[in-house]
Structures are given as C-alpha cells and as structure tokens.
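Structure assessment
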Amino acid sequence: MADTTEPTRRSVEEENTDRIDDAELALRGINMLLNNGFRESDELFKAYRNHSPLMSFGASFVSFLNAMMTFEEEKMQTAFEDLKTTEKLCESDNTGVIETIKNKIKRSMDSQRSGVAVVDRLQRQIIIADCQVYLAVLSFIKQELSAYIKGGWILRKAWKMYNKCYSDITQLQEGSKRRPSDQQGLTSPSTVSSPDRSNHATPPGPSAGQHSDGISPEALDRLKGSVSFGYGLFHLCISMVPPHLLKIVNLLGFPGDRLQGLSALTFASESKDMKAPLATLALLWYHTVVQPFFALDGTDTQAGLAEAKSILQQREAVYPNSSLFMFFKGRVQRLECQINSALMSFSGALELATDQREIQHVCLYEIGWCSMIELSYRDAYRAFERLKTESRWSQCYYAYLTGVCQGATGDLEGAAAVFTDVQRLYKRKNNQIEVFSMKRSEKLRNPSPSKELCILAVIEVLYLWKALPNCSTSKLQTMTQVLQGIGDASCFGLKNLLLGAISKCLHNTRDAIQHFHLAVRDEVGSLSNSYVQPYACYELGCVLLDIPESAGKGRALMLQAKEDYAGYDFENRLHVRIHSALASLRAEVSP
C-alpha cells in the first residue's frame, strides 16, 4: 500500500477537497523536501498545484530552490516562469482557491465566511510579495547594473505588500485580544506600526472589529509567521545589494535592517506556517554562507556560528537524516576549521542525496573546497572535474578550478589542456567569475603552466573566497614556503597580498602589515592583477583598525580602497566588505 505522505494523482482525484487543509498539506510537502524527499515533495506540490495559491507557491518554491542550488540558466528560467504563474494565479479574481473557499464555507456563518475571505486575501498578498522577492533574487544573481535596478523595483512592490499585510495582521491580532474585554472598543482601527516603524508610516488596514470575527488566533499566528518570513528574507536581500547602489535602494523607498530581518526570520521559523522550515534554512544559509563570505557586520567567520549550531541541534530530531541539514552541519564544521569532520558531513550528505542532483553538486563543491583547504590537490581535482562534467552552471569556472588543482599535483600537460577548455567554455561575458577564470587560465597556460604558479592560483582562490581562515597553521606555513619561492616579477604584488593574508591568519601582525604595504605599492603587477592594490589597501586598513593608535589610518585606507580604485576584478565584493567594516566602526563609536 502506498504511503499516505506520498499521494499519487489518483489519490488526489479521489480525496474530498473539503477536507484538505492547504496550510497543513503545504507544510507536509516542505518537510518532505527537507527529509530528502525532493521527488515526493515535487510530486505533491505539482499534484495540488491548481488547488490553491498556497500549493502553487509550494511548487514554485521547489523550482526556485533547484535554481538557487545550481545557478543553471535553464533552471533559473524555469523558476522565473513558475513564480510568474503563481503570481498571476494570486492576482486573478477567478483563482481555484475561491471555489475551494466556497465549498468550505457553504455551511458557515456570515462572520466565518468573512473571516475565511480575509485570510485568503492576506495569504494571496503575502504569496505575491514572496514571488516578487524570489524574482528579485534571480535578478541579483546576474550581478549586472540593469539587473540590480530591475530587482530593486520588484522589491519595492514586495516591500509595500509586506508592510501592508504585517500591519493588517497585527491589527487583527490586537483586535482579537481586546474583543473579549471590550467589544465596543473595536469600532475604529488602531494604529499599529510595521516592523520598520522608524522609517515608514503604517498604511491603514482593516478594522479588527470588521474582520477578526471568524478568524482563529491560530490562523492569524500562521499568517504572521508567513509574512515574517518574507519580511526577513527581504532585508537579507537588501544586505546583499552593493553599497554604491544603496542610495538608489533608499530612493526606492525601503531600508535594510539586517538585525530586524534576522529577528523576523527567527519568528517565522518557530511558526506553524509552511515557510517555517524555509526560514530555518534561510537562517542557516545566512549564518554559514552569506555572513562569512561578505564579512557582514564587520566580523570574520565566527559571529553566526553559535546561532547556526543552536538551530541544527534544535532541528536534529525533526530532520535526522536530511541531506540539507547535513550540508549546513558541514559548513559549520568547515568554518570552525574542523576540515576532516566537514568532509565527512559533506560526503554523508552526498550519499543521502541520491536522487537530488542539485544537492549532490553543492556537496561536491564543498568537498572540492575542503580538499583545497587541506592542500589535497588530487581530491579537489576529482571533485571539480566531476562538476565540470555534470553541472551546467559555469563550466568555465569549474574547469579553471580543475586546471589549477591538476597543475598543483604536477600534471602540467593535463592542466594545460583544461586551461584551453576554459577559453572554450567562457560564455557569460558579464559574469565576473567567468571573466576572472578566463583571464587567469590564459595567463597560466602562456607560455606553459608551472606547478608553483598553479599552487599560487589555488591559494589566490582560497583568499578571494575567504577560505584562508579555515586552513590549519601547518597548511598556512606550507603555503608561505611555496609563495616565498616564487620569483616571477608579474606576481610580486599578488604574492605579497597572499603572504599578508596568511600572516594575518597566523596573527603575525608585523609581517602582515609589511606584506600589504608591498602589495599596495606594486604598480607593475597591477596591470595583470588589477584587484591586488585595492584589496591590499583594504586588508591593511583592517589590520590597522585593530590597533587603537592606528585606527584613524586604518579608516583612511578603507576609504582609499573604496574611492581611489575602479574597474577591477570583484569590485562589488570588496565594496560590500568595506561598507560592512565602516558600518561596524560607526556602530562602535556611536553612544
């Protein structure tokens, strides 16, 4: 007999529609997804897709998640189309849910009918706003100015809907609480501020006296969790916008309060809404991927680890064999420099994700990175070679990683062939990672690659992706020995930038300052390594900021890195880090 948690299309047709609880069914589908039931979850949501906007949103979210885990153009386009379909469904006056509501309220009182209609209206508005946020994320991934502006306008629409829905739900909740003690006090709506009460006036919402009848507290709490998820994710999206575009973002009419966003996601993660597990994943993603990579809040990698570990411990009983939770466990272990444990977690997640190609790929990616951190070039080469073959996201980038790791093993002939492949696979001219991979591979293969320069390229990638702090002392010392033996004049600035970063990780402040100074002064190498000078300027500023007597000089160097350089590789990435460091500095000096 088939498991009831995996309904077939036949069972869908046979089941009495009146007995279906959309919210409960959607939550079941999301929990299936997190417990390695990607296929079952996908089938469930597709089977019920036309039943209601909530189930349509669930199907679109699964599509969006697949796109976000692979960054493949085809999956991103599919996610875009699915989200637009759900958005249109919610905006239509003739959605399938209306028929469902009519069936559900045939035997209801007038107040209950009104309550169901209000819940449905709020639910559809929240889903539309959620779809707009995900569409904006898909735009931001392109990392183009036009995509950022387009994404900003989409977020503006979403923000207005979140703000309005939050206000309405809050008024309904307060009205419901006051009604037992003061029935007459609900004739006019109360003024309730939105989550961003300091920056926006709350739009007028429906009177609690008009709409709270027939709406259970449980339904309101679920809706509050639903809107809090989108609101929190919204703020985290804003935190990823490059600082030089923040003025445009502020002109669009919404702020970016990261702490408030995290608080809202935490509330959503503890609710009964279908997005509660998704809020949990969003928190894990922020603490283990976004915050360490962009050095948000002016910190390095430690700030969110305690929160991430606490979340994983709390959810372990609910998702004991989840490949996604195993993956995030590996991320925490990697950030704590427990690389062997991280490799075991990623390998375990890879085995659990038998039918989940997308999760397999992100696990392979992490296995490759952990192997590079351990200087296990052959293992890293195998992982990236498989990604180069199987993944459709940036084969150019995976080919570059394959080539440098292969060259680092001493297989220079094989590396040269792969570097030639990089040129062939270079397709996205506006993608900064592919542009970087193409330029680097061309430099390494002409006239021919060397083992030392391939190892330097591996260390460079570890630095740019902020993985050097995850390396052990012995591995950092090995890297130092290799770098000191490189005499190529064109790599002088890059070599000193990397030596400075390693010295910083080893807490050798004096050596770090010396190497960063040398990198900043390198004019010859700046032609082929354009990012070295601004990054060295930023790194030197970071070191000096930690020394009280040189903090002023450190801040000046930060501003110099931000204002004196332009048009170099990974410019947006550095601007985000500089903005976060300066914001953290302002927070420390403010009373």
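Residues numbered from 1 in each chain as written. Predicted model: local features only at pLDDT ≥ 70, side-chain atom pairs only at ≥ 80, totals over all residues. Heavy atoms only, no water.

Time to look at unusual backbone geometry. With an omega dihedral of 0°, the bond running from Asn446 to Pro447 counts as a cis peptide bond. You can see Pro447 is positioned in the loop between α21 (432–445) and α22 (451–464). Not every positive phi belongs to a glycine, and Cys337 is a case in point at roughly 65°. Among the secondary structure elements, Cys337 is positioned in the loop between α15 (323–335) and α16 (339–352). (Helix = DSSP H or I, 4+ residues; strand = E, 2+ residues; numbered from the N terminus.)

Our focus in this paragraph is helix α27 (residues 551–563). The end-to-end C-alpha distance of α27 is 18 Å, a good match for the 18 Å that 13 residues give at a rise of 1.5 Å each. Those residues of α27 that fall on the buried side of the exposure criterion are Gly554, Leu557, Met558 and Ala561. The arc that holds every buried residue of α27, seen down its axis, measures 105°, which confines them to one face. Pointing more than 90 degrees away from the buried face of α27 are the exposed residues Gly552 and Glu563. (Expected span 1.5 Å × (residues − 1). Buried < 20%, exposed > 50% of the residue type's maximum accessible area, 1.4 Å probe, protein only. Arc of directions from axis to C-beta.)

On to the packing of α15 against α16, then. Working note: a packed helix pair is described by the angle between its axes plus the distance between those axes. Following both chains from N to C, one finds α15 and α16 inclined at 165°, their axes separated by 8 Å at the closest point. Between α15 and α16, the angle is such that the two are roughly antiparallel. Where α15 crosses over α16, the handedness of that crossing is left-handed. On α16, the residues touching Ser323, Met326, Phe327, Lys329, Gly330, Arg331, Gln333 and Arg334 of α15 are Ile339, Ser341, Ala342, Ser345, Phe346, Gly348, Ala349 and Leu352. Split by residue class, the contact of α15 with α16 holds seven nonpolar, six polar and three charged. (Axes fitted to C-alpha atoms, helices over the stretch in contact; angles between N-to-C directions. Parallel < 35°, antiparallel > 145°, perpendicular 65-115°, else oblique. Left-handed = near helix turned anticlockwise from the far one by under 90°. Contact = heavy atoms within 4.5 Å. Nonpolar A, V, L, I, M, F, W, Y, C, P; charged D, E, K, R; others polar.)

Before going further, it helps to examine helix α17 (residues 357–373). When the terminal C-alpha atoms of α17 are compared, their 24 Å separation across 17 residues agrees well with the 24 Å that a helix rising 1.5 Å per residue should span. The buried count for α17 comes to 16 of 17 residues, which makes it a mostly enclosed element. Of the residues flanking the end of α17, it is Leu375, one or two places downstream, whose phi is positive at about 60°.

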